[in-house]
2 protein chains.
Amino acid sequence: MGKLIVVGIGPGDWEDMTVRADRALRSCDVIVGYHVYVDLVRDRYPDKEFLTTGMTRETDRCRMALEAAREGKTVAMVCSGDSGIYGMAGLIYELRGEAAEPEVEVIPGLTAACSGGALLGAPLTHDFAVISLSDRLTPWETIERRLSAAASADLSIVLYNPASHGRPDHLRRACDILLETLPPQRLCGVARNIRRAGESAQVMPLGELRDFPADMFCTVFIGNSQTRTIGELLVTPRGYRDV
Amino acid sequence: MGKLIVVGIGPGDWEDMTVRADRALRSCDVIVGYHVYVDLVRDRYPDKEFLTTGMTRETDRCRMALEAAREGKTVAMVCSGDSGIYGMAGLIYELRGEAAEPEVEVIPGLTAACSGGALLGAPLTHDFAVISLSDRLTPWETIERRLSAAASADLSIVLYNPASHGRPDHLRRACDILLETLPPQRLCGVARNIRRAGESAQVMPLGELRDFPADMFCTVFIGNSQTRTIGELLVTPRGYRDV
């Protein structure tokens, strides 16, 4: 019996991977994942066996990884960002169920709240909520309720999956919900292609974010009532009184 | 003029640091930080100059780091977890203000939501809120309001700074707020000393969490309505329909 290691590889650049994640990818037999994420690591670990699937084939991908581990291989399943936060660790555990085998190890990675925040400045120095705008697995009403609750409690908000080909208007709809509670001047930021080719960071008010052409490579940050800009940077103060 | 690099070192073990963070600590002249965090890296980078301060001396620490960079040194300021999430990046930007110098680089690190989640299982596979229970810089009423909002919207919740010597009852008070909305059976977990000596993970219902003797080395996870245990693990399903 082999072993399955669920590896969060961070935003995409090798240097943003943890030492532990790098070691796992160097020592494994097989690398499994969504083909876009596998392509981010393929060149650095060229001697591995690679197993990939397309988008939205999460359950197939996890079954494939578990099966390869059961065959005796050391399998690394790569997730972009963290392996837990919207990652595959949960589904792997669900599919393995109460069985003790194969052994599963979960190696965390930098989620976009961390890597995108650093790109924009320091927008998450205080309490925040992380909400996905994908309604593929979650009713849109639940997403709306979470957006309203976070805004009403003055939490900063990070939006994952703000748009995709199939749902180009989700960010606009989310902004309209937020604008019921928050002023259009509320400072926001968009991190795109974090640590990949074409990286960009843009700061704008919520009223403009509404019309921003977001795509699946964007992570969106909504500031809290204290968030401000310092130069080009988006910064949420923690509230140190002697600054 | 030198450079200031704000480095998130993750939970504490070198292997959970990113390759980029390791490179920054190897290449710098001076390592600055709260003495407990500096002690986590001192042995691996023994030839550096070290500057430390005690707890709650954040502004002094940041001024010291900026000053050393202005003197021409390459300075790494270490933060446990991420450099942005409740980290020092925001305060560094505030203190530097609109000045272009010294150059500041922020290197993100694994925050406890990622590293503690991996230790407990996969509690953050769906939307969540991160809330600090420290009222040193935030009115307790604001914290209560955020807890209630997150619970009412069925967000999983991660509690940072759940207790300290000066506020031993904050976790109990937070649980009492949550219990106004959530059932006492709601599954929760506590990750303690993540990736350090004495590491532990415990899963328990919210009604028991209320009486848990948390300390400043704990990170607390409160599941959403779908969170369940699989064996010893705390898992929040994402909702894949073909599991």
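This structure is a prediction, so every number in the text was calculated from the model and none was measured.

Engineer: Just to check I follow, could you spell out the nonpolar core for this structure?
Structural biologist: Inside soluble globular proteins, nonpolar side chains tend to come together where they are buried. Formed by 60 residues in total, the largest nonpolar core has its most connected members in A:L209, A:I222 and B:L209. Ignoring sequence-local partners within four residues, the contact set of B:L209 consists of B:L171, B:C175, B:C188, B:V190, B:M204, B:V220 and B:I222. Core analysis: the second largest hydrophobic core is formed by 32 residues, A:A112, A:L120, A:Y160 and B:C114 among them.

Engineer: Looking at this structure, I do not really get the side chain of B:D82. What am I missing?
Structural biologist: Mapped onto the elements, B:D82 comes out in the loop between strand 4 (74-79) and helix 4 (89-96). Despite its burial, B:D82 pairs with no opposite charge, the nearest such side chain being A:R195 at 9.5 Å. Filtering out sequence-adjacent residues up to four positions away, B:D82 remains in contact with A:C114, B:G8, B:G87, B:P108, B:G109, B:L110 and B:T111.

Engineer: When you look at a nonpolar patch on the surface in this model, what are you seeing that I'm missing?
Structural biologist: All names here are of chain A. The grouping of M55, M216 and F217 at the surface amounts to a nonpolar patch, some 270 Å² of accessible area in total. Mapped onto the elements, F217 comes out in the loop between helix 8 (206-209) and strand 11 (218-222). Judged by relative accessible area, which is 39%, F217 ranks as partly exposed.

Engineer: Can you help me understand the relation of the copies chain B and chain A in this one?
Structural biologist: What relates the pair of chain copies is a rotation about an axis plus a shift along that axis. Once chain B is rotated about the relating axis by 180° and shifted along it by 0.0 Å, it coincides with chain A to within an RMSD of 0.0 Å. Here the transformation between the copies is reduced to the relation of a two-fold axis. Comparing interface residues between copies, 100% of those in chain B also sit at the interface in chain A, which points to an isologous, same-surface contact.

Engineer: Teacher, can you tell me more about helix 6 (residues 140-152) of chain A here?
Structural biologist: Each turn of an α-helix holds 3.6 residues, which means side chains three or four residues apart point in the same direction. Residues and elements named next belong to chain A. For helix 6, which comprises 13 residues, the first-to-last C-alpha distance of 18 Å matches the rise-based estimate of 18 Å (1.5 Å per residue) to within 8%. Among all positions of helix 6, only W140, T142, I143, R146, L147, A149, A150 and A151 are buried. D154, located one to two residues past helix 6, shows a positive phi value of around 55°.

Engineer: Hey, could you run me through the interface of chain B and chain A in this one?
Structural biologist: Often, the extent of an interface is quoted as the loss of accessible area on bringing the components together. Listed as interface residues are 72 residues of chain B and, on the opposing side, 72 residues of chain A. Carbon and sulfur atoms make up 57% of the area that chain B and chain A hide from each other, which totals about 6600 Å². Sorting the residues of chain B by area buried against chain A places B:L137, B:R146 and B:Y240 first, and these three jointly supply 11% of that buried surface. Inspection of the region where chain B meets chain A yields 14 salt bridges. Top contributing element to the side of chain B that touches chain A by residue count: helix 4 of chain B, with seven residues. Looking at the side of chain B that touches chain A residue by residue, the classes come out as 31 nonpolar, 20 polar and 21 charged. By the bridge criterion, three bridges tie strand 7 (residues 128-132) of chain A to strand 7 (residues 128-132) of chain B in an arrangement that is antiparallel. Paired with A:F128 across the two strands is B:V130, which belongs to strand 7 of chain B.

Engineer: Where do I start with empty space enclosed by the protein in this structure?
Structural biologist: Where empty space is left can be seen by rolling a probe of water-molecule size over the atoms. On inspection of all chains with the given rule, the structure shows three cavities of 30 Å³ or more. One number sums up the size of the largest cavity: a volume of about 60 Å³. As for the largest cavity, its lining consists of 13 residues, and the residues nearest its centre are A:C114, A:G117, A:A118, B:D82 and B:G84. Looking at the lining of the largest cavity, the elements with two or more residues in it are helix 5 (112-120) and strand 6 (121-122) of chain A.

Engineer: Would you mind going over the packing of helix 6 (residues 140-152) of chain B against helix 7 (residues 170-178) of chain B with me for this structure?
Structural biologist: Between two packed helices, both the angle of their axes relative to each other and the distance between the axes serve to describe the pair. Residue and element names in this part refer to chain B. It is at 9 Å that the axes of helix 6 and helix 7 come closest, and there the two elements cross at 45°. The angle between helix 6 and helix 7 falls in the class oblique. For helix 6 against helix 7, the interelement crossing comes out right-handed. Where helix 6 abuts helix 7, its residues W140, E144, L147, S148 and A151 lie against H170, R173, A174, I177 and L178. Within the contact of helix 6 with helix 7, the residues separate by chemical class into six nonpolar, two polar and two charged.

Quick notes on the rules
Residues numbered from 1 in each chain as written. Chains lettered and ligands numbered in written order. Predicted model: local features only at pLDDT ≥ 70, side-chain atom pairs only at ≥ 80, totals over all residues. Heavy atoms only, no water. Core = buried A, V, L, I, M, F, W, Y, C linked by side-chain atoms within 4.5 Å. Buried < 20%, exposed > 50% of the residue type's maximum accessible area, 1.4 Å probe, protein only. Contact = heavy atoms within 4.5 Å. Helix = DSSP H or I, 4+ residues; strand = E, 2+ residues; numbered from the N terminus. Lys, Arg positive; Asp, Glu negative; His and termini not counted. Salt bridge = Lys/Arg side-chain N within 4 Å of Asp/Glu carboxyl O. Patch = residues over 30% accessible without salt bridge, like charges linked within 9 Å, V, L, I, M, F, W, Y side chains within 5 Å. Areas by Shrake-Rupley, 256 points an atom, 1.4 Å probe, with all protein chains shown as cover. Least-squares fit on C-alpha atoms with pLDDT ≥ 70 in both. Expected span 1.5 Å × (residues − 1). Buried area = accessible area lost by both parts, 1.4 Å probe. Nonpolar A, V, L, I, M, F, W, Y, C, P; charged D, E, K, R; others polar. Pairing = 2+ DSSP bridges. 1 Å grid on protein atoms, 1.4 Å probe; cavity = no way out; pocket = protein on both sides within 12 Å on 5 of 7 lines; lining within 4 Å. Points joined across faces, edges and corners; volume = space filled by probe spheres on them. Axes fitted to C-alpha atoms, helices over the stretch in contact; angles between N-to-C directions. Parallel < 35°, antiparallel > 145°, perpendicular 65-115°, else oblique. Left-handed = near helix turned anticlockwise from the far one by under 90°.

Such coordinate-based values are descriptive only and should not be taken to indicate function.
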